[in-house]
Amino acid sequence: MSLQLRLFGGGQSTAGKLTDSNDGSHAIDKSKVLAQTDAGVITPNTPGNFSSIRSVPVVPNPRYFTKEEADAMKGLAKEKSDGARQSKRVYKFLTKIEAADKTVHKEHRKYEGVVAENELGKKRADVGLAKKLHGMRPGYARLGLGIDKADSDARTRIDAIKSKLTGGSN
């Protein structure tokens with residue numbers, strides 16, 4: 001597949017074909033326009049599950065801890081602190097990726113808007129030309145009738161000359 005087909009698609013062209021959109025109707029489906037870009041995206045209709053993270057259970061009452069428990073908690077705290085630092089880095093990168101995706105999405109929609117506006121401008125120009133050409137049809141018809149009349153007049157004169165030369169005394 002060529003690069004151009006991969007970039008711009010290889011579907012069947014409808015260029016120049018009469019479609020329903022020519023009568024002012026549309027095929028803009030609101031549900032498609034407002035559809036989520038991914039099933040996991042948080043929106044008012046899909047607010048997520050409000051889950052959280054809890055590495056250790058809540059201590060419900062005051063209590064004393066043993067040295068072993070304290071040492072284990074110290075190791076777990078160090079592990080979780082490092083995990084939190086790495087998680088913070090990853091979320092920072094994910095945020096940058098989301099922002100980049102949004103920029104590309106917005107710019108593509110802006111581009112599509114320009115393409116749509118230019119298509120309308122091109123169609124307006126086509127319609128203007130079609131109207132102009134239709135307005136010229138009577139002039140061309142007059143020209144054609146003039147040629148037909150000239151041809152008919154010439155044949156009539158030629159026939160008259162032939163008649164004189166070949167059999168006027170028949």
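What you are looking at is a predicted structure, and each value in this text was computed from that prediction instead of being measured. (Residues numbered from 1 in each chain as written. Predicted model: local features only at pLDDT ≥ 70, side-chain atom pairs only at ≥ 80, totals over all residues. Heavy atoms only, no water.)

(A) How the structure looks around the overall build of the protein. Each helix and strand in the protein was counted, giving three helices and zero strands. Across the 170 residues in the protein, those meeting the buried criterion constitute 0%. Counting every atom, the protein has about 16300 Å² of accessible surface; 59% of that belongs to carbon and sulfur. (Helix = DSSP H or I, 4+ residues; strand = E, 2+ residues; numbered from the N terminus. Buried < 20%, exposed > 50% of the residue type's maximum accessible area, 1.4 Å probe, protein only. Areas by Shrake-Rupley, 256 points an atom, 1.4 Å probe, with all protein chains shown as cover.)

(B) Quick peek at helix α3 (residues 67-167). Here α3 is 101 residues long and its end C-alpha atoms lie 141 Å apart, about the 150 Å a rise of 1.5 Å per residue gives. Where α3 bends most, at R137, the angle is about 35°, and the proline P138 comes one to four residues later. (Expected span 1.5 Å × (residues − 1). Bend = angle between axes of the 7 residues up to and from the residue.)

(C) Highlighting a nonpolar patch on the surface. Where nonpolar side chains cluster on the molecular surface, the patch consists of L129, L133, M136, Y140 and L143 and spans about 530 Å² of accessible area. Among the secondary structure elements, L129 is positioned in helix α3. (Patch = residues over 30% accessible without salt bridge, like charges linked within 9 Å, V, L, I, M, F, W, Y side chains within 5 Å. Salt bridge = Lys/Arg side-chain N within 4 Å of Asp/Glu carboxyl O.)

(D) Fine view of the confidence of the model for the protein. Averaged over every residue, the pLDDT of the protein is 89; residues scoring 70 or more account for 86%. Per-element mean pLDDT across the protein ranges from 65 in helix α1 (residues 3-8) up to 96 in α3. (pLDDT = per-residue confidence, 0-100.)

(E) Molecular detail of the pattern of salt bridges. Tallying each qualifying case throughout the model produces eight salt bridges. Among the salt bridges present, the one from K110 reaches E107, with a minimum N-O distance of 3.2 Å. Of the two residues, K110 and E107 both sit in helix α3, three residues apart, roughly one turn of that helix. The class of K110 is exposed, set by a relative accessible area of 51%. Given a relative accessible area of 41%, E107 falls into the partly exposed group. One salt bridge in this structure joins K149 and D153, with 3.0 Å as the shortest N-O distance. Separated by four residues within a single helix, K149 and D153 lie in helix α3, roughly one turn from each other. Taking relative accessible area as the criterion, K149 reaches 52% and is therefore assigned exposed.

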